[in-house]
Amino acid sequence: MKLPILSKNDRLNLMKKFVIFLFIIIIWGLASYLTRWSASSVPPQVSNSELVFPENINKIFQKSCIDCHTPYTKIPLYGHIFPVTLYLQDHVKEGQDELNLAKWNEYKLKRQLKKAEEIFEEVNEGEMPPTSYLILHPDSKLNVEEIEELKLWSENFISTHE
Ligand code: HEC
């Protein structure tokens, strides 16, 4: 059997495709590099001392909330790939703007009360952690007891501080 021999034209076409392919890879790599995470978003884990809640509540926050509601996001490998990076950065920023658990003590009482109420509502309605997050982090799903613990904490916090 004769091996197919590429004509000059075929070779040129193949070469063109290869150059285009290389070009895309380089642009993609550059985009990933330019949108990379800043060092401050990569510290390993929020330490318990920064979470000022009762121990059982700290534990629940650690398990289910800190990735988006503290600056200590554990970034998955795919989270470094453009354009996933941009999506995650946007999401984490939004989450932290709404509620930064590592800054609880810096919040004014009025804000704490409002956030405690929002936490009650969000977990009561099963809105947090968001479903899109749970698909890749099934271990972070809150169970019934944890939801009850959070609601109880929230109610206690509000009734003792209002
Ligand atoms: C995947 C990231 C992510 C995780 C994990 C997550 N959140 Fe959120 N959270 C967000 C984003 C984004 C917002 C702002 C947009 C919105 O309200 O959906 C938010 C908003 C909130 C708000 C404010 C809602 C409002 O009424 O404005 C509360 C309270 C909250 N989250 C609580 C929690 C709690 C408690 C947990 C853990 C049980 C948790 N979140 C886990 C991303 C997250």
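Description of the nonpolar core
Move 1: By size, the foremost hydrophobic cluster in this structure holds 15 residues, and its most contacted members are Phe61, Cys65, Leu101 and Leu150.
Move 2: Of all elements in the fold, only α2 (55-64), α3 (66-69), α4 (84-98) and α5 (109-124) reach the threshold of two or more residues within this core.
Move 3: Among the elements that make up this core, the one with the highest residue count is α2 (3 residues).
Move 4: Excluding residues within four positions of it along the chain, Phe61 makes contact with Leu51, Phe53, Ile66 and Leu101.

Let's talk about the site of the ligand
Move 1: In the region of the ligand, 20 residues are neighbours, and Cys65, Cys68, Gly95, Met128 and Tyr133 sit closest.
Move 2: It is α5 that provides the largest number of residues to the shell around the ligand, a total of 5 residues.
Move 3: Tallied by class, residues from the shell around the ligand come to 10 nonpolar, 4 polar and 6 charged.

Concerning the environment of Leu99
Move 1: By the element assignment, Leu99 lies in the loop between α4 and α5.
Move 2: A tally of 20 C-beta atoms within 10 Å means that Leu99 is categorised as buried.
Move 3: It is 8.8 Å that separates the C-alpha atoms of Leu99 and Cys68, two residues lying 31 residues apart in sequence.
Move 4: Filtering out sequence-adjacent residues up to four positions away, Leu99 remains in contact with His69 and Lys115.

Remarks on the environment of Lys115
Move 1: On the secondary structure map, Lys115 appears in helix α5.
Move 2: Non-local contacts of Lys115, meaning those with residues more than four positions away in its chain, are made with Leu99 and Tyr107.

Digging into the packing of α5 against helix α7 (residues 144-161)
Move 1: Relative orientation of the contacting elements α5 and α7 amounts to 155°, with a least axis distance of 9 Å. Between α5 and α7, the angle is such that the two are roughly antiparallel. Considering only the axes of α5 and α7, their crossing is left-handed. Residues Leu109, Leu113, Ala116, Glu117, Ile119, Phe120, Val123 and Asn124 of α5 pack against Ile147, Leu150, Lys151, Ser154, Glu155, Phe157, Ile158 and His161 of α7.
Move 2: For the contact of α5 with α7, the residue count by class is 10 nonpolar, 3 polar and 3 charged.

Structural notes on the environment of Leu134
Move 1: Along the chain, Leu134 falls in helix α6 (residues 131-136).
Move 2: Looking at Leu134, the number of C-beta atoms within 10 Å reads 15, which means it is partly exposed.
Move 3: Put simply, Leu134 and Ser64 are 70 residues apart on the chain and 9.3 Å apart in space, counted from C-alpha to C-alpha.
Move 4: The residues touching Leu134, leaving out its near neighbours within four places in the chain, are Pro129, Ser140 and Lys141.

Quick word on α5
Move 1: If you check α5, its first and last C-alpha atoms are 22 Å apart, about what 16 residues at 1.5 Å a residue would give, namely 22 Å.
Move 2: Along α5, the positions that sit buried rather than exposed are Lys115, Ile119 and Val123. The buried residues of α5 occupy an angular sector of 55° when projected down its axis, which confines them to one face. Exposed residues pointing more than 90 degrees away from the buried face of α5 are listed as Lys110 and Glu121.
Move 3: Elements in contact with the buried residues of α5: α7.
Move 4: Gly126 occupies a position one or two residues after α5 and carries a positive phi of about 70°.

Here is what the cut-offs are and how they apply
Residues numbered from 1 in each chain as written. Predicted model: local features only at pLDDT ≥ 70, side-chain atom pairs only at ≥ 80, totals over all residues. Core = buried A, V, L, I, M, F, W, Y, C linked by C-beta atoms within 7 Å. Buried ≥ 20, exposed ≤ 12 C-beta atoms within 10 Å, placed from the backbone. Helix = DSSP H or I, 4+ residues; strand = E, 2+ residues; numbered from the N terminus. Contact = placed C-beta atoms within 7 Å. Near = placed C-beta within 6 Å. Nonpolar A, V, L, I, M, F, W, Y, C, P; charged D, E, K, R; others polar. Axes fitted to C-alpha atoms, helices over the stretch in contact; angles between N-to-C directions. Parallel < 35°, antiparallel > 145°, perpendicular 65-115°, else oblique. Left-handed = near helix turned anticlockwise from the far one by under 90°. Expected span 1.5 Å × (residues − 1). Arc of directions from axis to C-beta.

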